[in-house]
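# Fold and contact review
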Amino acid sequence: MDVANTTTVNFRINSWMENAGIVGLMRILKNDPRYLNSYSMSESAVKFDPKVLDNFSDLYFKFFIKNYGQVIRYSKIINEENWLRTLEDKDFREFDEKDLKRLTDWFDNIVKYSVNSASYKKVIKFINSDFDVKAEVKSCNKKIRTLNKKNFLTKNSDEVKEILQELINQLLKIIEYFSTSQAKKYFPAKTLNYIIINKAWNGVSFLNPQTKNLDFYEDYQNYFVIPVQEYLQEDHAKDKYVCSTCGRPVKKLKYSYGFINNMGYDLNKKTSNAWNFKNDLYICPICQFLYSLIPAGFTYNMRGQGIFINENSSIRNLQGKNDLVFSNMMRKISDSTRTSPYRALSAAFKDEEASGQHAPLGNIQLITYDTDHYNFQIVPIVASKVLTKAVEHTYNVKQTGEVKSYLASLYNAGISNFRGVNYYGILDSVMNCLFNNTNLFSIIYQLELLKLSNTEGCFYNDFQIMTVIRMNGWFLNELHKYRGSKIMKIEENKLTKVRGCGMHVRMGYDNENKAKSLAYKMLEAIRTNNIDRFMELLLNTYLYLDKTVPKIFIETQSETEVFKEYAFAFIAGLIGNSEKEQNN
């Protein structure tokens, strides 16, 4: 970074933290059309006008509200206004048990929950209104309980209409209260402080539990922005110290990396972490401000997972790749808050391919955030090529005629309550293995075993299992090609034929349990790399059916990985019907 001056502030490409802050700064300024011309980019740096700092806290929270606010409870309060007015316009003639359930769920889980939350209690003082929303909610609660009494809707039509009229009027007043400009400013921002912003930094400013200023807009401006403005106005010719990040001169050793999650430590309490017990990892207020923008530079879902592509060849590439991921996440997050960052990444990868602007992800640093820790990966060239193939290879959805990529077929595939998580995304697991240059055999084994066992909570079919098998075949081919190893190439058409052989064996048995028993035994043989045992089972099966053993198994016995790939495809045919299930 360049030494600051009062005309512009420069940030240069550096480590992933600075780069995430740079992307965050540009997103925040782009979020408000008035500030589109307040910054400029070169190949390796971005400059911005310090005048934008005058009201930067408003821009900061406005960015998070606009992009992430669509899926929090606050938005779900005001979004039901049209439905309530429709009920009123129809004079409640069509109001039934289904509407009552929707109304009750919305009131209990959204409205009443929000009004009784700790966040509401901290924000209410900033809302300029005499409206007693708590009293209204309490009154509405009684009416909803009355409506939910057994058979009340069908036996008391006149009274139901009267109660509904009063209830809807009260609920519309509550929505009006939450729709004021002050409410829109504070309520969603308060929620997002603890869902998004605190994933990157914590313990200071408004995220410090002991902060004295409860107005987090003012607190952010005072803690992060005003020190920058003061720094730019001061003379630093005689400063004794330098910032450990950018080299700017500083007068006092005041600011540190300690507030950045998992990246810093309290320099006043952990002196033993520094050389000779003398801390020198202090930063200037400008760098501290930049680091506060990290949560705007990352792409998060609503489950505490995030992703950042540290493509530092140029500012334009850095911004472009991350904005593609971000825009894909924002499109999908309203449909499903569990949309994974890996899905957003793969969708962005697909968009680049379709537009012809694709620049390979190979050898680019990928930073993911999950369950309060960062994971750093250098995307292998092999993984990049596999993803390219998964995007290029397509299939037709028979019910709709839609053409989808193999990669897209895994978007919604997953397992609930598996391996210690509420929802285990298959795409996440596949991409994580690929990015670590690891084959997918363990994933395939687990998917087939759970499918075979009819385990509850498995949201995938054997068409998706075959997709993982195909991707593993591409991976093995590319990996050995990259290493210069000589092995038999895994061919996709042969995988399809072998899967068909498994289906024919399953249909050849008069008892479905025989196919399941065979699949279990074969899976165990493959898990232990016991090719002889698998061949014994295969030979006995084809002898029983009086058919010829597929020659691919004879040809690949000496190449374990290739053999296992075809074996898993055969088992996939044994346990399901891809043609029937691909639309599920």
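Structure's up top.
Here the structure is a predicted model, which is why all the values come from computation and not from measurement.

Quick notes on the rules
- Residues numbered from 1 in each chain as written.
- Predicted model: local features only at pLDDT ≥ 70, side-chain atom pairs only at ≥ 80, totals over all residues.
- Heavy atoms only, no water.
- Axes fitted to C-alpha atoms, helices over the stretch in contact; angles between N-to-C directions.
- Helix = DSSP H or I, 4+ residues; strand = E, 2+ residues; numbered from the N terminus.
- Parallel < 35°, antiparallel > 145°, perpendicular 65-115°, else oblique.
- Contact = heavy atoms within 4.5 Å.
- Nonpolar A, V, L, I, M, F, W, Y, C, P; charged D, E, K, R; others polar.
- Buried < 20%, exposed > 50% of the residue type's maximum accessible area, 1.4 Å probe, protein only.
- Arc of directions from axis to C-beta.
- Phe/Tyr/Trp six-rings, centres within 6.5 Å; stacked < 30°, edge-to-face > 60°.
- Patch = residues over 30% accessible without salt bridge, like charges linked within 9 Å, V, L, I, M, F, W, Y side chains within 5 Å.
- Areas by Shrake-Rupley, 256 points an atom, 1.4 Å probe, with all protein chains shown as cover.
- Salt bridge = Lys/Arg side-chain N within 4 Å of Asp/Glu carboxyl O.
- Lys, Arg positive; Asp, Glu negative; His and termini not counted.
- Charge placed at Lys NZ, Arg CZ, Asp CG, Glu CD.
- Pairing = 2+ DSSP bridges.
- Core = buried A, V, L, I, M, F, W, Y, C linked by side-chain atoms within 4.5 Å.
- Expected span 1.5 Å × (residues − 1).
- Polar contact = N/O pair within 3.5 Å; in protein donor to acceptor, adjacent residues only side chain to side chain.

Let us now look at the packing of helix α2 (residues 56–68) against helix α14 (residues 315–333). Put simply, α2 and α14 touch, their axes get as near as 10 Å, and they point 55° apart. Comparing their axes, α14 and α2 come out oblique. Residues F63, N67 and Y68 of α2 lie in contact with α14, whose contacting residues are F326, M330 and I333. Grouping the constituent residues of the contact of α2 with α14 by class yields 5 nonpolar, 1 polar and no charged.

When helix α4 (residues 81–89) is considered as a whole, its buried residues turn out to be W83, L84 and L87. Looking down the long axis of α4, one finds its buried residues gathered within 100° of arc, a one-sided arrangement. In this structure, α4 carries N82 and D89 as exposed residues pointing more than 90 degrees from its buried face. Where α4 is buried, its residues contact α5 (97–115) and α9 (157–178). One or two residues past the end of α4 sits D91, with phi positive at roughly 55°.

All right, on to the environment of V133 then. By the secondary structure assignment, V133 is in helix α7 (residues 133–147). Accessibility expressed as a relative area gives 2% for V133, which makes it buried.

What the rule picks out here adds up to 56 aromatic pairs. Taking the centre distance of 4.1 Å and the plane angle of 15° together, the rings of Y60 and Y220 count as stacked. Placement of Y60 in helix α2 and of Y220 in helix α11 (residues 216–233) is noted, with a sequence separation of 160 residues between them. Just as Y60 is buried, Y220 falls in that class too. Note on F534 and F563: the rings are 5.4 Å apart at their centroids and 85° apart in plane angle, and the pair reads as edge-to-face.

A few words now on a negative patch on the surface. The grouping of D158, E159, E162 and E166 at the surface amounts to a negative patch. Topologically, E162 is positioned in helix α9.

With that settled, the discussion passes to the pairing of strand β10 (residues 365–370). Where strand β9 (residues 306–310) lies against β10, 5 bridges are found, and the strand directions are antiparallel. Residue pairing for β10: N310 is matched across the bridge by Q365. Bridge count between β10 and strand β11 (residues 373–378): 6 bridges; the pairing is antiparallel. Note that in β11 the partner of T368 across the bridge is N375. Counted along the chain from β10 to the antiparallel partner β11, the turn is 2 residues long, and its residue T371 has a positive phi close to 45°.

Using the criterion set out here, one finds 16 salt bridges in the structure. Taking the shortest distance from any N to any O, the salt bridge between D323 and K30 comes out at 3.0 Å. In this pair, D323 sits in helix α14 while K30 sits in helix α1 (residues 16–30), placing the two residues 293 residues apart along the sequence. In this structure K30 comes out as partly exposed when scored by relative accessible area, which is 34%. One salt bridge in this structure joins D32 and R34, with 2.7 Å as the shortest N-O distance. Overall, the relative accessible area of 62% leaves R34 in the exposed class.

Turning our eyes to something else, we now look at the nonpolar core. One finds F56, F178, F534 and F553 to be the most contacted residues of the largest nonpolar core, which totals 202 residues. With residues up to four places along the chain from it excluded, the contact list for F178 reads Y74, I77, I78, V115, Y120, V133, A183, K184 and F187.

So, on to the sheet that holds β10. Taken in spatial order, the 4 strands of this open sheet run β8-β9-β10-β11, and their pairing is antiparallel. Every interior strand has two partners, whereas the edge strands, β8 (299–300) and β11, have only one. Packing against the sheet, α1 makes contact with β8, β9, β10 and β11, and its axis sits at approximately 105° to β9. The strands touched by α14 within the sheet are β8 and β9, with β9 carrying the most contacts at an inclination of about 160°.

What follows concerns the sheet that holds strand β14 (residues 414–418). Within a sheet, each strand pairs with its neighbour through backbone hydrogen bonds, oriented either parallel or antiparallel. Spatially, 3 strands are ordered β15-β14-β16 in an open sheet, and the strand pairing comes out antiparallel. Unpaired on one side and paired on the other, β15 (421–425) and β16 (458–459) mark the two borders of the sheet. As judged from the 4 bridges shared by β14 and β15, these two strands associate in the antiparallel manner. When the sheet's bridge partners are listed, F418 is paired in β15 with V421. Contacting β14 and β15, helix α17 (residues 426–435) runs over the sheet at an angle of about 60° to β15.

If you check helix α21 (residues 512–527), its first and last C-alpha atoms are 23 Å apart, about what 16 residues at 1.5 Å a residue would give, namely 22 Å. Residues of α21 that are buried in the fold lie against α18 (441–452), α20 (492–508), α22 (531–545) and α24 (560–575). Two to three positions downstream of the cap, the backbone nitrogen of N513 sits 2.9 Å from a side-chain oxygen, assigning the N-cap of α21 to N511. With its phi angle positive at about 55°, N529 sits one or two positions after the end of α21.

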